[in-house]
Amino acid sequence: MTISNTTELPSPYMSSQQHNGKFSNTRPNLHTHSFGKTLGLMWKFLFNKPKNTVPNREIPVLSLSKQQLTSAPDRSLFRLGHSTILLKLRNEFWLTDPVFSERASPFQWIGPKRFHQPPISIADLPPIKGVILSHNHYDHLDYHAVLQLKDKVEHFLTPLGVGDALIKWGVPADKVQQLDWWDTTHVDGLELIATPAHHFSGRGMGDSNATLWASWVIIDNDLRVFFSGDTGYFDGFKEIGHRYGPFDLTMLETGAYDPEWPDVHMQPEQTLQAHLDLKGRHLLPVHNGTFDLALHAWDDPFERIVALAHQNKLAISTPQMGEILNLNEPNVENYWWRS
């Protein structure tokens, strides 16, 4: 039986963010495109992209084994690529936005191709306590990864509507929790809160904004971690920081940005401001280094955010793909993209 990789329109939820079957941001987008402008951007993406949006050399990756992960100390973090982060909390493993496919696309023969292979395969991963999903775009919700993970994972935490797709794809419904903004759940001592983001959703024709998008707060006793998912800069960061900060680590999107779409992705300067709004102690820039999704140089996110952090005397961590990071002291300034 073939199961569609796209999502169907979900039933209405009791959510203040949903109106007439569509989810919306807390404020309207400030930057909209005409049909002609949209066509112009598509033409540029297809036929006139700068060559430096893709690396001209092999990206260094540290391979991981199941033994390395199981023997790693508690409160370890491993960056696997793009926005895919493996966290070890309470000696159990959590994955954010697991994308392991060759392309961030509905098809594996066309679309943005990986710059590097994941440091570890899904088959070699240890059992996963939970998967945390931010939204349903192809570079964050990987259909093929979900199919491989569904028997290895105990819990899938999603924004409203995204869990419906997982269930449709064969994930047991009792493994799925769907949260609205500011909803809280507890899993084996961890507190997890779905928090606002400023973005959009959709996997195909006809499902625009039919599911919610979210950022996430993860609390393990005295440890607080924030994961942004995808988002433009908005005042919600200050509210999240007020309610749940300060954060020991903020994992904030820094990549796939452009002045033409400021409502859905942050410039590095805005990433830095979001980190300050959240009262972050250490910054881990994510959403970079794996896929070509914009018009900037592939290493521009790293260079800009590191320079900004240094100018503002802020702690920043840039681990190599597969490199271990200690969440208690997450200081890993590795300029691997220059090697």
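Below or above, wherever it landed, is the structure these notes cover.

Definitions and cut-offs
- Residues numbered from 1 in each chain as written.
- Predicted model: local features only at pLDDT ≥ 70, side-chain atom pairs only at ≥ 80, totals over all residues.
- Heavy atoms only, no water.
- Helix = DSSP H or I, 4+ residues; strand = E, 2+ residues; numbered from the N terminus.
- Rg over C-alpha atoms; globule rule 2.2 N^0.38 Å.
- Buried < 20%, exposed > 50% of the residue type's maximum accessible area, 1.4 Å probe, protein only.
- Areas by Shrake-Rupley, 256 points an atom, 1.4 Å probe, with all protein chains shown as cover.
- Lys, Arg positive; Asp, Glu negative; His and termini not counted.
- Charge placed at Lys NZ, Arg CZ, Asp CG, Glu CD.
- Contact = heavy atoms within 4.5 Å.
- Expected span 1.5 Å × (residues − 1).
- Arc of directions from axis to C-beta.
- Pairing = 2+ DSSP bridges.
- Polar contact = N/O pair within 3.5 Å; in protein donor to acceptor, adjacent residues only side chain to side chain.
- Core = buried A, V, L, I, M, F, W, Y, C linked by side-chain atoms within 4.5 Å.
- Salt bridge = Lys/Arg side-chain N within 4 Å of Asp/Glu carboxyl O.

**Considerations on the overall build of the protein chain**
For step 1, the next point in the chain: Broken down by element type, the protein chain carries 7 helices and 16 strands.
For step 2, the next point in the chain: The C-alpha atoms of the protein chain give a radius of gyration of 19 Å, which matches the 20 Å a tight globule of 339 residues would have.
For step 3, the next point in the chain: Seen through its principal axes, the protein chain has C-alpha atoms that stretch 50 × 45 × 45 Å.
For step 4, the next point in the chain: Taking all 339 residues of the protein chain together, the buried fraction comes to 57%.
For step 5, the next point in the chain: Accessible area for the protein chain stands at about 14,100 Å²; split by element, carbon and sulfur atoms hold 54% of it.
For step 6, the next point in the chain: Averaging the locations of the 29 positively and 37 negatively charged side chains of the protein chain gives two centres separated by 3 Å.

**Re the environment of Ile 316**
For step 1, the next point in the chain: By the element assignment, Ile 316 lies in strand S15 (residues 315–316).
For step 2, the next point in the chain: According to the relative accessible area criterion, Ile 316 is buried, its value standing at 1%.
For step 3, the next point in the chain: Beyond its immediate chain neighbours, meaning those up to four positions away, Ile 316 contacts Leu 283, Pro 285, Ile 305, Val 306, Ala 309, Val 332 and Glu 333.

**A closer look at helix H7 (residues 300–311)**
For step 1, the next point in the chain: Spanning 12 residues, H7 covers 16 Å between terminal C-alpha atoms, matching the ideal 16 Å at 1.5 Å per step.
For step 2, the next point in the chain: Among all positions in H7, only Pro 301, Phe 302, Ile 305, Val 306, Leu 308 and Ala 309 are buried. Looking down the long axis of H7, one finds its buried residues gathered within 165° of arc, a one-sided arrangement.
For step 3, the next point in the chain: The inward-facing, buried residues of H7 abut strand S3 (76–81), helix H6 (268–277), strand S14 (280–286) and S15.
For step 4, the next point in the chain: Phi for Lys 313, located one or two positions after H7, is positive at around 55°.

**Quick word on the sheet that holds strand S12 (residues 223–227)**
Strand-to-strand pairing in sheets goes through backbone hydrogen bonds, with the strands running parallel or antiparallel.
For step 1, the next point in the chain: Read across the sheet, 7 strands follow the order S9-S10-S11-S12-S13-S14-S15 without closing on themselves; strand pairing throughout is mixed. Looking at which strands have only one partner, the edges of the open sheet turn out to be strand S9 (184–187) and S15.
For step 2, the next point in the chain: Bridging between strand S10 (residues 190–195) and strand S11 (residues 215–220) involves 5 bridges; their strand directions are antiparallel. Each residue of the ladder has a partner; that of Thr 195, found in S11, is Ser 215.

**Considerations on the environment of Ser 228**
For step 1, the next point in the chain: With respect to the element layout, Ser 228 can be found in the loop between S12 and helix H5 (236–244).
For step 2, the next point in the chain: A relative accessible area of 0% places Ser 228 in the buried class.
For step 3, the next point in the chain: Sequence separation between Ser 228 and Arg 27 is 201 residues; the distance between their C-alpha atoms is 18 Å.
For step 4, the next point in the chain: Discounting chain neighbours no more than four positions away, the residues touching Ser 228 are Ala 197, Ala 214, Ser 215, Met 251, Leu 252 and Glu 253.
For step 5, the next point in the chain: A polar side-chain atom of Ser 228 sits 2.9 Å from the main-chain amide nitrogen of Glu 253.

**A closer look at the nonpolar core**
For step 1, the next point in the chain: Judged by nonpolar contacts, the single largest core of 31 residues is most densely connected at Leu 77, Leu 87, Trp 94 and Met 251.
For step 2, the next point in the chain: Those elements that provide at least two residues to this core are strand S4 (84–89), S10, S11, S12, strand S13 (247–253) and S14.
For step 3, the next point in the chain: What Met 251 contacts, discounting residues up to four positions off in sequence, is Leu 77, Ile 85, Leu 87, Thr 96, Val 225, Phe 226, Phe 227, Ser 228, Leu 284 and Val 286.
For step 4, the next point in the chain: Of all hydrophobic cores here, the second largest spans 28 residues; its members include Phe 93, Leu 141, Tyr 143 and Val 171.

**Some details on the pairing of S11**
For step 1, the next point in the chain: The element S11 is largely enclosed, with a buried count of 6 among its 6 residues.
For step 2, the next point in the chain: Residues Ser 215, Val 217 and Ile 219 line one face of S11 and the alternating positions Trp 216, Ile 218 and Asp 220 line the opposite face, and both faces are buried.
For step 3, the next point in the chain: Bridge analysis of S11 against S12 gives 5 bridges, and the strand direction is antiparallel. By the bridge assignment, Val 217 is partnered in S12 with Phe 226.

**A look at H6**
For step 1, the next point in the chain: By the burial criterion, the buried members of H6 are Pro 268, Thr 271, Leu 272, Ala 274, His 275 and Asp 277.
For step 2, the next point in the chain: Tucked inside the fold, the buried residues of H6 contact H5, S13, S14 and H7.
For step 3, the next point in the chain: One or two residues past the end of H6 sits Lys 279, with phi positive at roughly 60°.

**Focus on the pattern of salt bridges**
For step 1, the next point in the chain: Under the defined criterion, the tally for this structure stands at 14 salt bridges.
For step 2, the next point in the chain: The partner of Asp 263 in a salt bridge is Arg 27, and the shortest N-O contact between them spans 3.7 Å. Here Asp 263, found in the loop between S13 and H6, pairs with Arg 27, found in the loop between strand S2 (22–23) and helix H1 (35–47); they are 236 residues apart in sequence, far enough to count as distant.
For step 3, the next point in the chain: Residue classification places Asp 263 among the buried residues on the basis of a relative accessible area of 6%.
For step 4, the next point in the chain: A relative accessible area of 26% places Arg 27 in the partly exposed class.
For step 5, the next point in the chain: Lys 150 is the salt-bridge partner of Asp 151, the closest N and O atoms lying 4.0 Å from each other.
For step 6, the next point in the chain: A relative accessible area of 65% places Asp 151 in the exposed class.
For step 7, the next point in the chain: Members of the salt-bridge network, linked through shared partners, are Arg 75, Arg 90, Asp 220 and Asp 222.

In short, the description is geometric, and any link to function would need to be established separately.
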